[in-house]
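Structural overview
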Amino acid sequence: MPHNRESRPGADVPPVAASVVSGAPREAGRDLGRQAGIVAEASAVVSEHAQDPGAHTALPGVLADVPVAVLVIDQKAGAVTYANQAAVELAGNVSLPVDVDTWGAAAGLTDLSGEPLASSNGPLSLVAQGQPVTGEAVRLEPATSSEPDRAQDARLDDRLLWVTGFPLSQVGSEQQLVLVVFLQLDGVHQVDDPDAYLQALRERAVIATDIAFTITDPRQPDNPLVWANPSFSRITGYEYDDVVGRNCRFLQGPATDRETVAGIREALAEQRSLVATLLNYRKDGTAFWNQLSISPVFDGSGEIVSFVGVQADVTERVRVEREREAAFAAEQTARQEAELARAIAEQARTDAEHARESAERAQNRLALMAEATSALLATLDEATLVERLAAICVPLLADWVVITLVDVYGEVRRVVSRHRDGRDDELAAFAAAHAMRLPATSPSRRSLTTSQPVLTHLTPEKRDEIFVSPAARELVEQLGAGSVLSVPMVARRRTLGAVSFVMASDERRFPQEDVDLLHDLVRRAALALDNVRLYQQEHAVADTLQRSLLPVLPEIPGIRAAAHYVSASTAADVGGDFYDLLQLPDGAIGIVVGDVVGHDVAAAAAMGHLRGLIRACVWEAEDTDPGSVLARIDRLVQGLHVAPMATMVYARAVPPAAEGGPWRVQVANAGHPPLLLRTPDGTVELLDSVTGLLVGVDSSAPRATVELEVAPGSTLLAYTDGLIERPGTDLDDGIAGLRARLAAAPVGADPRRLCDAAVSGTLDRRDDVALMAVRFG
């Protein structure tokens, strides 16, 4: 049993765990085993109450109505420190504390042979020594009895007690307390067979101890149960795991008295004892009258630590009392009152059922809307969206459904249908015979025209009116159609189509709340479908823009080239990265790769302006030096406000003067990642000897040019930083990884294969990637 207490002086006293152990030895042993960890914690609190002469009033009052006497024995002193009212009636008003044997003598307790318990190894002595007793019979003879010694008499009279006891304290604790329970079994008469008589006593003991004990923890939220004994399970039908962690109000039901419940709640709030009788319900729904006694338990510092509840099924007693009360009233009045009470209870139960059903329906509708919205918004493909809508509708909302999509002129362009039994062939035939050519009388066409839901019950006359084609009428008969609800798909003042929900028979119809639900669902689907339409339009525009901005690499004698582009934008497949390959008027080859700040259509537009400016500058340059070309581009960009800042690398490759000779390559760099050169033997070199400021930062800054000789068969690789950037890593690590991928490619790999190898690593996807590979010779 968990405890959630702060560490404070006196707070180490755990809640009381009280239990009555059945008289049957087997059941008592099992109960002791289960409760050992709980019962051992009870000593401190029980001892504290035992010092108070009036402490018996704080124990569960329900024990006063059952044949159970309870003692608490201080094992160290060998003395009785507490006796409840039933125990006081046994021994008289003996002043406590008192020696165990003295109390036993005052009560007139002997063993079965008539010997005083003080002179025998009886159950009371065993319990006082700290040994558990799981059920032993003793005789009860009043102290005033003057009968002669009957030690040799084999007969047993009908004044016997059944004794059960076990220690309450942990070994080594300061106080060693023991709990003793006496069961006075009246009404079991002497029989000739002593063994049969004792067996009858055991059976009565089991019945007499059918008292439920529970413990709650008010320090936890909602004051939940933290322990219940097996008798509680026998009375209520709830197992131990069913109840622990829950407030015991689950026993209440429609006929439970609210005022009694309010009184219990008030007593708990005021931390005082209470005895009440109320109608509770077992797990199987049957009702029983429960006499409940609740007692608060405090620790050494006076803080509440638990409530101990004792419960007994007093249904029979309540029944007898009510019969006695009914005898004083007129029969007709009693019948009328009973009928009224029954009607009220039934109405309350009916109202509760209706309220629960309404709440469940509302919750189901909200869950459906949330699920449908998530499913429909999770795709930007029209076919997938419509198929998901059909799957949501069938069979949960209709027996079959037909989704009709129209163009801007209202003509049907697509039909998607679904039946709870499959029936794909019949649905396809129905679409061809009816849905693709909707007549003006059909519910779908009427909802498309009016932009309002149309509900139609398909009588034979209505079927002939709606389904003008004999083939369509025959297919409707096969598919089943009792009623149809057609809802228009309207989004942003545009009708995109209609959804027709069909119930296969007249037994299932569309109530108004379902009409509202389906209207809301279709409205959300229409909005999702319109989003798909807008996305596809934007995608088409972006695709056209991209095709116009990214060039097709020209065929240039003496070289082979390949390029690769990946956009980081999710709205359109364009960005600010670019590449270009030019055959210049003087026979040289221009290689350009750049990156404009940004990853959207605006960046792509700026990139288009910059690419055109670069082409003009490279083509008409009087000074062909790449550094001079970049400086001129920088001045024009800042003067004309063509683009924001950008990085760029420009290489000018001059063919060899003689066949088989080296190429002469001049390179200038404006803040761009360095070029890579893969030699014919597969070695990858980093051309990082030249660098410069970004374009658009300082037009007066000088631009340097580096010239190198490149052997035929070498491949020059230019790229943007999206290829080498990774979150949390250095650019040098990204470049090293790229070099490793290129070096791992086979010797002689062409430019396309090298591009594929370069992008084979995991891309970050947060930046555009432009890549171009050029092989010389």
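Before reading further, recall that the structure is shown in the block above.
Residues numbered from 1 in each chain as written. Predicted model: local features only at pLDDT ≥ 70, side-chain atom pairs only at ≥ 80, totals over all residues. Heavy atoms only, no water.

A closer look at the overall build of the protein chain
Summing up its helical and strand segments, the protein chain has 21 helices and 27 strands in all. Sorting the 777 residues of the protein chain into buried and exposed places 47% on the buried side. Once local pairs closer than 6 in sequence are excluded, the contacts in the protein chain between residues at least 24 apart make up 63%. Within the structure as shown, the protein chain displays about 37,200 Å² of accessible surface, and the carbon and sulfur contribution to it stands at 52%. (Helix = DSSP H or I, 4+ residues; strand = E, 2+ residues; numbered from the N terminus. Buried < 20%, exposed > 50% of the residue type's maximum accessible area, 1.4 Å probe, protein only. Contact = heavy atoms within 4.5 Å. Areas by Shrake-Rupley, 256 points an atom, 1.4 Å probe, with all protein chains shown as cover.)

Brief notes about the pattern of salt bridges
On inspection of all chains with the given rule, the structure shows 27 salt bridges. In this structure, Asp 222 engages Arg 249 in a salt bridge whose closest nitrogen and oxygen atoms are separated by 3.0 Å. On the criterion of sequence distance, the pair formed by Asp 222 in the loop between strand E8 (212–216) and strand E9 (225–228) and Arg 249 in the loop between helix H8 (240–243) and helix H9 (258–270) is long-range, its members being 27 residues apart. The exposure class of Asp 222 is partly exposed, given its relative accessible area of 45%. For Glu 477, the salt bridge identified is with Arg 463, shortest N-O distance 2.6 Å. With Glu 477 in helix H16 (residues 470–479) and Arg 463 in helix H15 (residues 460–466), this pair connects stretches of sequence that are 14 residues apart. By sharing partners, the salt bridges in this structure join Glu 382, Arg 413 and Arg 414 into a single network. (Salt bridge = Lys/Arg side-chain N within 4 Å of Asp/Glu carboxyl O.)

With respect to a nonpolar patch on the surface
A cluster of nonpolar side chains, Val 597, Met 645, Leu 693 and Val 697, forms an exposed patch at the surface whose accessible area comes to about 340 Å². On the secondary structure map, Leu 693 appears in the loop between strand E24 (684–687) and strand E25 (706–710). (Patch = residues over 30% accessible without salt bridge, like charges linked within 9 Å, V, L, I, M, F, W, Y side chains within 5 Å.)

Examining H9
Helix length check: H9, at 13 residues, gives a terminal C-alpha distance of 18 Å against a target of 18 Å (1.5 Å per residue), a fit within 8%. As for H9, its buried residues are in contact with strand E10 (274–281) and strand E11 (287–298). The N-cap of H9, judged by a side-chain oxygen 3.4 Å from the amide nitrogen of Glu 259 a few residues on, is Asp 257. Of the residues flanking the end of H9, it is Gln 271, one or two places downstream, whose phi is positive at about 55°. (Expected span 1.5 Å × (residues − 1). Polar contact = N/O pair within 3.5 Å; in protein donor to acceptor, adjacent residues only side chain to side chain.)

A look at the sheet that holds strand E17 (residues 494–503)
If you trace the 5 strands from one edge of the open sheet to the other, you get E14-E13-E17-E16-E15, paired in antiparallel fashion. Each edge of the open sheet carries a strand with a single partner, namely strand E14 (412–419) and strand E15 (454–457). The sheet shows a mean angle of 15° between the axes of neighbouring strands, taken without regard to direction. Pairing of strand E13 (residues 400–406) with E14, which is carried by 7 bridges, proceeds in the antiparallel orientation. Following the sheet pairing, Val 401 is matched in E14 by Arg 418. (Pairing = 2+ DSSP bridges. Axes fitted to C-alpha atoms, helices over the stretch in contact; angles between N-to-C directions.)

Observations concerning the sheet that holds strand E23 (residues 675–678)
Strand order across the open sheet formed by 5 strands is E18-E27-E26-E23-E24, with antiparallel pairing between neighbours. Two strands close off the open sheet at either side, each with one partner strand: strand E18 (559–566) and E24. Strand-to-strand, the axes of this sheet are offset by a mean angle of 20°, without reference to chain direction. Across 5 bridges, strand E26 (residues 715–719) lies against strand E27 (residues 769–776) in antiparallel orientation. Paired with Leu 717 across the bridge in E27 is Ala 773. Sheet strands in contact with helix H20 (residues 731–743) are E23, E24 and E26, and its direction is about 145° off that of E24. The sheet contacts of helix H21 (residues 751–758) involve E18, E23, E26 and E27, and relative to E18 the element is tilted by about 30°.

Some remarks on the packing of aromatic side chains
In total, this model carries 4 aromatic pairs according to the counting rule given. A ring pair is formed by Trp 400 and Phe 430, whose centres lie 5.6 Å apart and whose planes are at 85°; its orientation type is edge-to-face. Here Phe 430 lies in helix H13 (residues 424–433) and Trp 400 lies in strand E13, a separation of 30 residues in the sequence. Classification of Trp 400 as buried rests on a relative accessible area of 2%. What links up through ring pairs into an aromatic cluster is the set Trp 400, Phe 430 and Phe 467. When the ring centre of Phe 250 is taken as origin, the NZ or CZ atom of Arg 246, which lies over that ring, is 4.4 Å away. (Phe/Tyr/Trp six-rings, centres within 6.5 Å; stacked < 30°, edge-to-face > 60°. Lys NZ or Arg CZ within 6 Å of the ring centre and 35° of its normal.)

A short note on the pairing of E27
Taking burial as the measure, the 8 residues of E27 include 8 buried ones, the bulk of the element. Because side chains alternate across E27, one face comprises the buried residues Val 769, Leu 771, Ala 773 and Arg 775, and the other comprises Ala 770, Met 772, Val 774 and Phe 776, equally buried. Note: E18 against E27, 8 bridges, orientation antiparallel. Each bridged residue has a counterpart across the sheet, and for Val 566 the counterpart in E27 is Val 769.

Some points on the packing of H20 against H21
If you want to describe how two helices pack, look at the angle between their axes and the distance between the axes. Where H20 meets H21, the closest approach of the two axes is 8 Å, and the angle between their N-to-C directions is 140°. Classified by the angle between their axes, H20 and H21 sit oblique to one another. Viewed along their axes, H20 and H21 form a crossing whose handedness is right-handed. For the pair formed by H20 and H21, the contact residues are Leu 738, Arg 741 and Leu 742 on the first element and Leu 754, Ala 757 and Ala 758 on the second. Counted by class, the contact of H20 with H21 contains 5 nonpolar, no polar and 1 charged residues. (Parallel < 35°, antiparallel > 145°, perpendicular 65-115°, else oblique. Left-handed = near helix turned anticlockwise from the far one by under 90°. Nonpolar A, V, L, I, M, F, W, Y, C, P; charged D, E, K, R; others polar.)

Structural notes on the environment of Pro 460
Summarising the element assignment, Pro 460 is placed in helix H15. Residue Pro 460 is classed as exposed on the basis of its relative accessible area of 58%. Linking Pro 460 and Gly 482, residues 22 residues apart in sequence, is a C-alpha distance of 9.9 Å.

A closer look at the nonpolar core
Among the nonpolar cores identified, the biggest contains 55 residues, and Ile 591, Leu 610, Ile 633 and Phe 776 are the most heavily contacted of them. Other than its neighbours up to four places away in sequence, Ile 633 contacts Leu 610, Leu 613, Ile 614, Cys 617 and Met 648. Grouped together as the second largest cluster of nonpolar side chains are 36 residues, Ala 372, Leu 389, Val 487 and Phe 510 included. (Core = buried A, V, L, I, M, F, W, Y, C linked by side-chain atoms within 4.5 Å.)

Scope: geometric values only; no functional claims are made or implied.
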